[in-house]
Amino acid sequence: IGTGTTTTHSYSSPGNYIVTLTVTDNNGAKASDTAIVNVQSLQVSITKHSVRTRWDSNKKLGYIEVQTSFLVNSGSSNKISVKEVTDELGVWNLQSSEATVKINGVRNVLGVTLDANSDAIIDLGANGITLKAGDTVEITKLKLINNNQGSHSLTSQILANGFVLASNTVNFVI
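Remember, it's a predicted structure, so these values are computed and weren't measured experimentally.

Peer 1: What am I meant to see in the nonpolar core here?
Peer 2: For soluble globular proteins, the rule of thumb is that nonpolar side chains tend to be buried together. Within the largest apolar cluster, 31 residues are counted, with the highest numbers of intra-cluster contacts made by Ile64, Phe70, Ile122, Leu124 and Leu131. Looking at this core, the elements with two or more residues in it are strand 3 (43-56), strand 4 (61-74), strand 6 (80-86), strand 8 (98-103), strand 11 (120-123), strand 13 (136-146), strand 14 (151-160) and strand 15 (163-173). Discounting residues that sit within four places of it in the chain, phenylalanine 70 has contacts with Val44, Ser45, Ile46, Thr47, Ile80, Val82, Leu124, Leu131, Asp135, Thr136, Val137 and Ile158.

Peer 1: Just to check I follow, could you spell out the side chain of serine 81 for this structure?
Peer 2: Counting through the fold element by element, serine 81 comes out in strand 6. Once residues lying within four places of it in the same chain are set aside, the contact partners of serine 81 are Ile121, Ile122, Asp123, Leu124, Gln157, Ile158 and Leu159.

Peer 1: What am I meant to see in the environment of isoleucine 174 here?
Peer 2: Its place among the elements puts isoleucine 174 in the segment after strand 15. Considered as a pair, isoleucine 174 and isoleucine 64 are 110 residues apart in the sequence and their alpha carbons are 8.0 Å apart. With near-sequence residues (within four places) excluded, isoleucine 174 lies in contact with Thr53, Trp55, Gly62, Tyr63, Ile64, Asn146, Asn148, Gln149, Gly150 and His152.

Peer 1: In this structure, what is going on with the environment of lysine 30? I would like to understand it.
Peer 2: Here lysine 30 lies in strand 2 (residues 30-39). When near neighbours in sequence (up to four residues on either side) are disregarded, lysine 30 contacts Thr22, Val23 and Thr24.

Peer 1: Sorry, what's going on with the pattern of salt bridges here?
Peer 2: Here the idea is simple: oppositely charged side chains can pair when their charged atoms come close. Here the structure, examined in full by the defined rule, presents 3 salt bridges. The residue arginine 52 makes a salt bridge to glutamate 65 at a minimum N-O spacing of 3.3 Å. Of this pair, arginine 52 sits in strand 3 while glutamate 65 sits in strand 4, and the two are 13 residues apart along the sequence. Look at arginine 52 and you get exposed, because its relative accessible area is 57%.

Peer 1: Any chance you could explain the sheet that holds strand 11 here in plain terms?
Peer 2: Neighbouring strands of a sheet are bound in pairs by backbone hydrogen bonds; such pairs are parallel or else antiparallel. In space, the 5 strands of this open sheet follow the order 10-11-6-14-15, with antiparallel pairing throughout. The open sheet terminates on both sides in strands that have one partner only, identified here as strand 10 (113-114) and strand 15.

Peer 1: Sorry, what's going on with the pairing of strand 1 (residues 15-24) here?
Peer 2: It is a general feature of regular strands that their side chains alternate between the two faces of the sheet. As judged from the 10 bridges shared by strand 1 and strand 2, these two strands associate in the antiparallel manner. Paired with threonine 20 across the strands is threonine 34, a residue of strand 2. What sits between strand 1 and strand 2 in their antiparallel hairpin is a turn of 5 residues, with glycine 28 showing a positive phi close to 90°.

Peer 1: Is there a simple way to explain the packing of aromatic side chains in this structure?
Peer 2: The geometry of an aromatic ring pair is captured by the separation of the ring centres together with the interplanar angle, meaning the angle of the planes. This model, assessed by the stated rule, comprises 1 aromatic pair. Summarising the aromatic geometry, the rings of tryptophan 92 and phenylalanine 172 are spaced 6.5 Å apart at their centres and angled 70° between planes, so their arrangement reads as edge-to-face. Residue tryptophan 92 is located in strand 7 (residues 92-94), and its partner phenylalanine 172 is located in strand 15; the two are separated by 80 residues in the primary sequence. Note on accessibility: tryptophan 92 and phenylalanine 172 belong to one class, buried.

Peer 1: Help me out: how do you make sense of the environment of serine 97 in this one?
Peer 2: Turning to its location among the elements, serine 97 is positioned in the loop between strand 7 and strand 8. Owing to a relative accessible area of 48%, serine 97 belongs among the partly exposed residues under this scheme. Serine 97 sits 14 residues away from glycine 111 along the chain, and the two C-alpha atoms are 5.7 Å apart. Those residues within four positions of serine 97 in sequence are excluded, and the remaining contacts are Leu110, Gly111 and Val112.

Peer 1: Which parts of the structure should I look at to understand the pairing of strand 13?
Peer 2: In this structure, strand 4 lies alongside strand 13, joined through 9 bridges in antiparallel fashion. If you follow glutamate 65 over to strand 13, its bridge partner there is lysine 143. Bridge analysis of strand 7 against strand 13 gives 3 bridges, and the strand direction is antiparallel. Opposite tryptophan 92, over in strand 13, you have asparagine 146 as the bridge partner.

Parameters and conventions
Residues numbered from 1 in each chain as written. Predicted model: local features only at pLDDT ≥ 70, side-chain atom pairs only at ≥ 80, totals over all residues. Heavy atoms only, no water. Core = buried A, V, L, I, M, F, W, Y, C linked by side-chain atoms within 4.5 Å. Buried < 20%, exposed > 50% of the residue type's maximum accessible area, 1.4 Å probe, protein only. Helix = DSSP H or I, 4+ residues; strand = E, 2+ residues; numbered from the N terminus. Contact = heavy atoms within 4.5 Å. Salt bridge = Lys/Arg side-chain N within 4 Å of Asp/Glu carboxyl O. Pairing = 2+ DSSP bridges. Phe/Tyr/Trp six-rings, centres within 6.5 Å; stacked < 30°, edge-to-face > 60°.

Below you can see the structure in the form of structure tokens.
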């Protein structure tokens, strides 16, 4: 509970909380809105996000290989996924349905899926992987295809239970 132009609130434990914001103007009129806030004890930071590109003029297709690395700064979770959010320029598809994922240097090959928005998802938790503070994750050989030559952007998101913990956008040309 708080008052003023800006207010903050701290939660003592992780979880989903229903938050209601009520605003009162100078004439006493009120308006409210409610949202669910997901509080995480897990903190991550993206340490690398890069894209290698190649355009095949015969096939009129652009090929990209994405590398994303992150560090688990605190907490632990078995519900972590990585999502590469594609731009809306052209049609994005997977060149390969697998990616190489190194966790603390140990190599795994995990499945990659595309959601309805053509965003690539690697669900670490669905593969039985629990990450904890100090773990490093490096994703390589995530390969996508696009039929639109030109400037693009790709946003890497690290999620826990579907909520974004960290994100980074890289711009590139194919």
